[in-house]
Amino acid sequence: MHARLSLALGLATIILPAQAMAAEERAFDVPRASLSTSLPLLSRQGGVSISVSDPALWRTRMRPVRGRMSVDEAIRQMLDGTGVRAVRVSATSWRIEKQVAPRSVRRPPPPAVPAAAPPPEAPPYEFIVTATKADLPYSSFAGVVTRMDGDDLAFGGERGTESILSRMATVSSTHLGSGRNKLFIRGIADSSFTGPTQATVGQYFGDIRLSYNAPDPDLRLYDIDSVEVLEGPQGTLYGAGSLGGIIRVVPRAPDAREASVQAIAGLTATQHGEPGGDIGSIANVPIGDSGSALRLVGYMITDGGYIDNSLLGQNDVNRVTVRGGRGTLRLVPAADWTVDIGGVYQSTTADDAQYADKDAPPLTRNSLVEQNARGRYGMGTLVVTRDWDNLRLQSSNAYIDHRLYERFDATPAGGDPRVLDQFNDTRMWASETRLSRPYSDGWGWVVGASIVDNETQQRREFGGIQMRSALTGVTNRVTEYTGYGELTAELLPDVIATAGLRYSHARLGGSGEDVALALALAASGKAITAHRNESDLLPSFAILARPLSNLTLYARYQEGFRPGGLAVDGNFVRRYRNDRVHTWEGGIRLGERGRTPFDANISVSHTRWFNIQADFIDGNGFPTTANIGDGRITSISGSLAVRVTPTLSFDLGAVYNHSRVDDLAPQIALVADFAPGRLGRIPNVASHAVRGAITYAAPVGDDKEIRINGWANYIGPSRLGIGPVLGEGQGDYVDTGLAMRLGNGRRGLSVTLTNLLDLKGNRFALGTPFVEGSPGYLTPLRPRTLRVAVDIAY
């Protein structure tokens, strides 16, 4: 250990002089906690190495550190008033030790001098909203953003996107299965199926877009620094497909200072089901003495099944296995330059579907076929960055290959087994280059340009288990060119304005796949291929004011859009148009995180949604996509955090959504045949949801800490989709969990129990849309599950 530390200190001393290191400002977000918890966070965020001379100091309570500052200042704030001091060892290394009181020595009284000015008060809690692309402090951001620490998300077991859903009332999802779901924010939801429509939520891994019109790949959140969720349209900065907001996952970067290895392993036992387990490993390897490093992550997770298929005599059929990993090589070719070369891969295999029959015993269905699914997601990335003179130049480039296979039961009543197989293949090139001035001294800005080239092919096959024939499919191609800019400036003391503009030009094309020859000849190509251009101008503006020290008011206007495309309608292919949202939002924030015993916020937004793209069932009983009309969505959301003691805190969040399609397209109304009172409710989003959590963290023994987190989420009622076939009710259930960990930053033992009440619920009312005369379906929660895990770091 001592040899490894000495080598890291020597390399750091060569790379950076002490004066530059002390003066460099970085973004810190370290909560109030024991030294064993706070120190690894501050060390990682500051890019420095900090050792502890006495193990008894690990349980000492540290002060929170929030904001942009030098490493010296961050360490000073963390240790202020704790009886602990930091001694600089080298340019990038400190040693934490106990302060020694000076011995009492009789000396003559010193001459009278003026009293020294008191040290400056620590800045209020605030994290840096990096998703604004200009590193805007949260206190200056006019909108709703939620930042979740990566360690918190992984606490209790790696659950991927489910970890985000359980912590936010405003984010919802379909529940077809891992790697097959669509995400929604603030009631902006379109449909239940994996079709040609672009997602309403933009998902990003770092600064790379994960997908364009494919479902959530559900990447597992190992070795993640943070997740930021921006609510409301983000068209100015993120372009098409961000109608409801964005979810940005920030992975931990390679560390050139010190080699490290971490391993996590767990076993799970599911009531009424099969056992499972998970294993993950993380390695960081410095390379040479130039500041380069390699970071690798690998994992495998298996979730035991819990659905029985009585008709086939099979139990626990829906086992899911996830295998994946990623790697990032960081090179430092010159001063101020970094080059990150990375790759991500994940495969998801579901042995069978996770739904049950409504009229069957709990956790049971009767199906003549196994409805398996496979997902493969691969991404290669190249990110080049330069920082100089308070400016940042960044070019992010990626190639994505995303493939999804799904099988649905399509057996007619009393007939032989029939299946519908659906294949979605997506390939995307994405490139964005931007120049930004991170917000400081009352102003900041960003300008950039991007190109996205996306092609998605959807093919379908229908027939028996052994022999199937191709149905009409569709290929959609989109090439999008954009330029954007946004400026944030303090107009008056405590009054900050933000304005931005984005211009997008999209070239759209598409064609039918496996179209019957007779139909192709009759259509003369008109219904089989299509090409057109679309241009959109997306403005945004916001104003924020702080009339009191603990009170923030803001108002915001933003737009978003999705381009059109081609969809399958029976044996034909037809067009659907682009849709667009205009959102007005206002909000209030009370308190300052870390400085007041509570903080709260509430926001109200109203959205006009034009030419809504959504899915419904066509005359042949198959899903199709069309513009269903115009709608309105009003959303009210709020959150409250209370710190009762330094070791105990509570969090509460809630959302209310009211939606209506008030101008239904005539052709959709004819097909849907709405019943009175059901005209126009936006599908898949609960009318209301509430979540609450309690966290307790306290030192135990000399260098350990016990942490306990419990949560309960209520998801209100919603509807599956549009029309009587998809008008089934869902939601109205409670999800609970409890997680505990005993250990320190180097090793720990965890115990997690989810679905404490072992409730069934109905998360999603879609099993298969292709079985006629079915009494309906429900997707239950995973039954009560116990996980025991250990984690070790070197």
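Residues numbered from 1 in each chain as written. Predicted model: local features only at pLDDT ≥ 70, side-chain atom pairs only at ≥ 80, totals over all residues. Heavy atoms only, no water.

## Things to note about the overall build of the protein chain
Part 1: Counting secondary structure elements, the protein chain contains 9 helices and 44 strands.
Part 2: The buried share of the protein chain, taken over its 794 residues, is 56%.
Part 3: Counting only carbon and sulfur atoms, one obtains 59% of the accessible surface of the protein chain, whose full area is about 32300 Å². (Helix = DSSP H or I, 4+ residues; strand = E, 2+ residues; numbered from the N terminus. Buried < 20%, exposed > 50% of the residue type's maximum accessible area, 1.4 Å probe, protein only. Areas by Shrake-Rupley, 256 points an atom, 1.4 Å probe, with all protein chains shown as cover.)

## Looking at unusual backbone geometry
Part 1: Phi angles above zero are rare outside glycine, and K133 is one such case at about 65°.
Part 2: For K133, the position within the fold is in the loop between β6 (128–129) and β7 (136–137).
Part 3: A positive phi angle is found at D135, which is not glycine, with a value near 50°.
Part 4: Taking relative accessible area as the criterion, D135 reaches 10% and is therefore assigned buried.

## Looking at the nonpolar core
Part 1: Within the largest apolar cluster, 34 residues are counted, with the highest numbers of intra-cluster contacts made by I164, F205, V227, V229, I247 and M379.
Part 2: Among the nonpolar cores identified, the runner-up in size contains 22 residues, and Y138, V145, I246 and A542 belong to it. (Core = buried A, V, L, I, M, F, W, Y, C linked by side-chain atoms within 4.5 Å.)

## What about the pattern of salt bridges?
Part 1: Taken as a whole and assessed by the stated rule, the structure comprises 42 salt bridges.
Part 2: The partner of D152 in a salt bridge is R707, and the shortest N-O contact between them spans 2.7 Å. Of the two residues, D152 sits in helix α5 (residues 150–154) while R707 sits in strand β40 (residues 704–719), which places them 555 residues apart along the sequence.
Part 3: The class for R707 is partly exposed, based on a relative accessible area of 22%.
Part 4: Among the ionic pairs, E432 bridges to R434, the shortest N-O distance being 3.0 Å. By the burial criterion, E432 is buried, and R434 matches it.
Part 5: Each of K133, D207, R248, E432 and R434 takes part in one network of salt bridges that share partners. (Salt bridge = Lys/Arg side-chain N within 4 Å of Asp/Glu carboxyl O.)

## Here we look at a nonpolar patch on the surface
Part 1: A grouping of L553, I588, L590, F598, I602, V604, I636, L640, L652, Y656 and V690 is seen on the molecular surface, where their side chains present a nonpolar patch of about 860 Å² in accessible area.
Part 2: Elements represented by at least two residues in the nonpolar patch include exactly β33 (579–590), β34 (598–610), β37 (629–645) and β38 (648–664).
Part 3: The element contributing the most residues to the nonpolar patch is β34, with 3 residues.
Part 4: Counting through the fold element by element, L640 comes out in strand β37. (Patch = residues over 30% accessible without salt bridge, like charges linked within 9 Å, V, L, I, M, F, W, Y side chains within 5 Å.)

## Some remarks on the pairing of strand β26 (residues 443–463)
Part 1: Strand direction decides the pairing type here: strand β25 (residues 419–440) and β26, joined by 20 bridges, are antiparallel. Looking at the pairing, D425 lines up with Q457 of β26.
Part 2: Hairpin connection of β25 to β26: 2 residues between the antiparallel strands, including D441 at a positive phi of 55°.
Part 3: Relative to strand β27 (residues 468–492), β26 runs antiparallel, the two being bridged by 20 bridges. Bridge pairing links G463 to R468 in β27. (Pairing = 2+ DSSP bridges.)

## Points about the sheet that holds strand β12 (residues 208–209)
Part 1: An order of β8-β13-β14-β11-β12 is seen for the 5 strands of this open sheet, with the pairing classed as mixed. Strand pairing shows two members of the sheet lacking a second neighbour, β8 (145–149) and β12, which therefore form its edges.
Part 2: Across 7 bridges, strand β13 (residues 224–231) lies against strand β14 (residues 245–251) in antiparallel orientation. Bridged to S226 within β14 is V250.

## Some thoughts on the packing of aromatic side chains
Part 1: For the structure shown, the criterion picks out 8 aromatic pairs.
Part 2: Centre to centre, the rings of F541 and W584 are 5.7 Å apart; their planes meet at 70°, and the pair counts as edge-to-face. Here F541, found in strand β29 (residues 529–548), pairs with W584, found in strand β33; they are 43 residues apart in sequence, far enough to count as distant.
Part 3: The class of F541 is partly exposed, set by a relative accessible area of 43%.
Part 4: By relative accessible area, which is 51% here, W584 ends up exposed.
Part 5: Through a chain of ring-to-ring contacts, three or more aromatic side chains come together here, namely F541, Y557 and W584.
Part 6: Lying across the ring of Y238, K133 places its NZ or CZ 4.3 Å from the centre.
Part 7: We note R707 situated over the ring of F155; from NZ or CZ to the ring centre the distance is 4.4 Å. (Phe/Tyr/Trp six-rings, centres within 6.5 Å; stacked < 30°, edge-to-face > 60°. Lys NZ or Arg CZ within 6 Å of the ring centre and 35° of its normal.)

## Comments concerning the side chain of D255
Part 1: With respect to the helices, strands and loops of the structure, D255 is situated in the loop between β14 and β15 (260–270).
Part 2: Look at D255 and you get buried, because its relative accessible area is 17%.
Part 3: In terms of polar contacts, D255 uses its side chain to reach the side chain of R257, at 2.8 Å.
Part 4: Excluding anything up to four places from it in sequence, D255 contacts N284, P286, A293 and R295. (Polar contact = N/O pair within 3.5 Å; in protein donor to acceptor, adjacent residues only side chain to side chain. Contact = heavy atoms within 4.5 Å.)

## Notes on the confidence of the model for the protein chain
Part 1: For the protein chain, the average pLDDT comes to 85, and 85% of its residues sit at 70 or higher.
Part 2: Note on residues 101–125: pLDDT is under 50 here. Beyond four places in sequence and across chains, it has 17 contacts.
Part 3: Low pLDDT (under 50) marks residues 674–678, which in the prediction has 11 contacts with non-local residues, meaning those over four places away or in another chain. (pLDDT = per-residue confidence, 0-100.)

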